[in-house]
Amino acid sequence: DTHNPPIKIPKLYELTNRNIWHIIITVIDITIFFATDSIRINVLETEKNMAAVKHSKQRQSIKEYLMNTKEHPTADMVYTQVRKFYPNISLGTVYRNLNFLVDQGEAIRLNCGDGSERYDGTTSPHYHLVCSGCGRVFDLKMSPLDHINTLAAAGFDGTIEGHTVLFHGHCPECSKSSKLQPES
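Small disclaimer: the values here were computed from a predicted structure and weren't measured. (Residues numbered from 1 in each chain as written. Predicted model: local features only at pLDDT ≥ 70, side-chain atom pairs only at ≥ 80, totals over all residues. Heavy atoms only, no water.)

Details of the packing of helix H3 (residues 75-82) against helix H4 (residues 91-103)
Just so we agree on the cut-off: Geometry is summarised by axes, namely lines fitted to C-alpha atoms with helices restricted to the contacting stretch, and by angles between N-to-C directions that run from 0 to 180 degrees. For helices the rule is a DSSP run of H or I covering at least 4 residues; for strands it is a run of E covering at least 2, with both sets numbered from the N terminus onward. Left-handed describes a crossing in which the near helix is turned anticlockwise from the far one by less than a right angle; the clockwise case is right-handed. Whether two residues are in contact is decided by their heavy atoms, any of which lying within 4.5 Å being enough. We call Asp, Glu, Lys and Arg charged. Ala, Val, Leu, Ile, Met, Phe, Trp, Tyr, Cys and Pro are nonpolar, and the rest, Gly among them, are polar.
Close contact between H3 and H4 brings their axes to 9 Å; oriented N to C, the two are set at 115°. With respect to the hand of their crossing, H3 and H4 are arranged in right-handed fashion. When H3 is examined against H4, the residues Ala-75, Asp-76, Val-78 and Tyr-79 are found in contact with a partner set consisting of Leu-91, Val-94, Tyr-95 and Leu-98. Tallied by class, residues from the contact of H3 with H4 come to seven nonpolar, no polar and one charged.

This is the structure we're talking about:
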């Protein structure tokens, strides 16, 4: 084929300065070609992500609900509340938006140990209590337990980046009702 002649790779003893420069320029051209494709792919991914970040009234409604409730709702609870304003919203849309808000650091996902996930619009560091009686989740007003990271790091060869603490107990209402119940 005259259009695509085979590339002749010179033997080591045949290399001249001209051949070496030709090889270097060819490698640079190939590198630029791949770098250009890589840049083109990154631009396409960025455009795709920007389209995904497009402002959404439904997402804003979910975020406002999370920020204004102390209930630490499940996705179903968020769905029930947001559906009052957006009757056509689907549970799938609520899940996708909750995941997006968590990924963006605008909400926190709490795994309560019973298989349910709760969401919190307060993203500053704080601790939670799960009531063993009613199952509700409460914010605890307490100082940060940052020294836990130091204690954990002392017994671990890796790197400790943070911690999650979930307390279990009874809320004030369940504590009162359990005190009123006679012991058997």
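A short note on the environment of Thr-74
Mapping Thr-74 onto the fold places it in the loop between helix H2 (57-68) and H3. Contact partners of Thr-74, with chain neighbours within four places excluded, come to Glu-117, Arg-118 and Tyr-119.

Remarks on the packing of aromatic side chains
Here is the rule we go by: Note on aromatic pairs: the rings of Phe, Tyr and Trp (six-membered ring only in Trp) are paired at centre separations within 6.5 Å, and the planes decide the class, stacked below 30 degrees, edge-to-face beyond 60, tilted for the rest. When accessible area is computed with a 1.4 Å probe and restricted to protein chains, residues below 20% of their type maximum are described as buried, those above 50% as exposed, and intermediate ones as partly exposed. Note on geometry: a ring has a charge over it if NZ (lysine) or CZ (arginine) is within 6 Å of the ring centre and within 35 degrees of the ring normal.
All told, the structure shown has one aromatic pair when counted by the stated rule. With centroids separated by 6.4 Å and ring planes inclined at 85°, the aromatic side chains of Tyr-127 and Phe-167 adopt a geometry described as edge-to-face. Taken together, the residues span a long stretch of sequence, with Tyr-127 in strand S3 (residues 127-131) and Phe-167 in strand S5 (residues 166-169) at a distance of 40 residues. Judged by relative accessible area, Tyr-127 falls into the buried class, the value being 7%. On the basis of relative accessible area, Phe-167 is assigned to the partly exposed category, the value being 30%. A cation over an aromatic ring shows up here: Arg-59 above the ring of Phe-100, its NZ or CZ 4.2 Å from the ring centre.

Focus: the nonpolar core
Proteins that are soluble and globular tend to have nonpolar side chains buried together. Selection rule: Definition of nonpolar core: a set of buried residues of the types Ala, Val, Leu, Ile, Met, Phe, Trp, Tyr and Cys, connected through side-chain atoms within 4.5 Å.
Of all hydrophobic cores here, the largest spans 14 residues; its most connected members are Ile-62, Leu-66, Val-78, Ile-89, Val-94, Leu-98 and Tyr-119. Of all elements in the fold, only H2, H3 and H4 reach the threshold of two or more residues within this core. Excluding residues that lie within four positions of it along the chain, Ile-62 makes contacts with Val-78, Val-82, Ile-89, Val-94, Asn-97, Leu-98 and Leu-101.

A few points about the environment of Ile-62
With respect to the helices and strands, Ile-62 occurs in helix H2. Separated by 20 residues in sequence, Ile-62 and Val-82 have C-alpha atoms that sit 6.5 Å apart.

Regarding the sheet that holds S3
Spelled out, the test is: A pair of strands counts as paired when DSSP detects no fewer than two bridges linking them.
Spatial strand order, S4-S3-S5: three strands in an open sheet with mixed pairing. The two strands at the open ends of the sheet, each matched to only one other strand, are strand S4 (137-140) and S5. Strand-to-strand, the axes of this sheet are offset by a mean angle of 30°, without reference to chain direction.

With respect to H3
The following threshold applies: Relevant arc is that of directions from the helix axis to the C-beta atoms, nothing else.
Those residues of H3 that fall on the buried side of the exposure criterion are Ala-75, Val-78, Tyr-79 and Val-82. Mapping the buried residues of H3 onto a view down its axis gives an arc of 100°, with all of them on the same face.

Thoughts on the state of the cysteines
Defined as follows: In what follows, a disulfide is any cysteine sulfur pair within 2.5 Å.
Enumeration over the complete set of coordinates arrives at zero disulfides. In this structure Cys-171 is not part of a disulfide, and its nearest cysteine sulfur, from Cys-174, lies 3.6 Å away. Of all cysteine sulfurs, the one in Cys-131 lies closest to Cys-174, which takes part in no disulfide; the gap is 3.6 Å. Overall, Cys-174 belongs to the buried group, its relative accessible area being 16%.

As for the side chain of His-72
The following threshold applies: Polar contacts, as used here, are pairs of N or O atoms within 3.5 Å; protein pairs need one atom able to donate a hydrogen and one able to accept it. Residues neighboring in sequence count only if both atoms are side-chain atoms.
Among the secondary structure elements, His-72 is positioned in the loop between H2 and H3. Polar contacts involving the side chain of His-72 include one to the main-chain carbonyl oxygen of Val-137, which spans 3.1 Å. A distance of 2.8 Å separates a polar atom in the side chain of His-72 from a polar atom in the side chain of Asp-139. Setting aside anything within four residues of it in sequence, one finds His-72 in contact with Leu-110, Arg-118, Tyr-119, Asp-120, His-128, Val-137, Phe-138 and Asp-139.

Observations regarding the pairing of strand S2 (residues 117-120)
Two strands pair when backbone bridges link them, and strand S1 (residues 108-111) and S2 are joined in this way by four bridges, in the antiparallel orientation. Counted as the bridge partner of Arg-109 is Tyr-119 from S2. Taken together, S1 and the strand that follows it, S2, pair antiparallel across an intervening segment of five residues, in which Gly-113 is found at a positive phi of about 85°.

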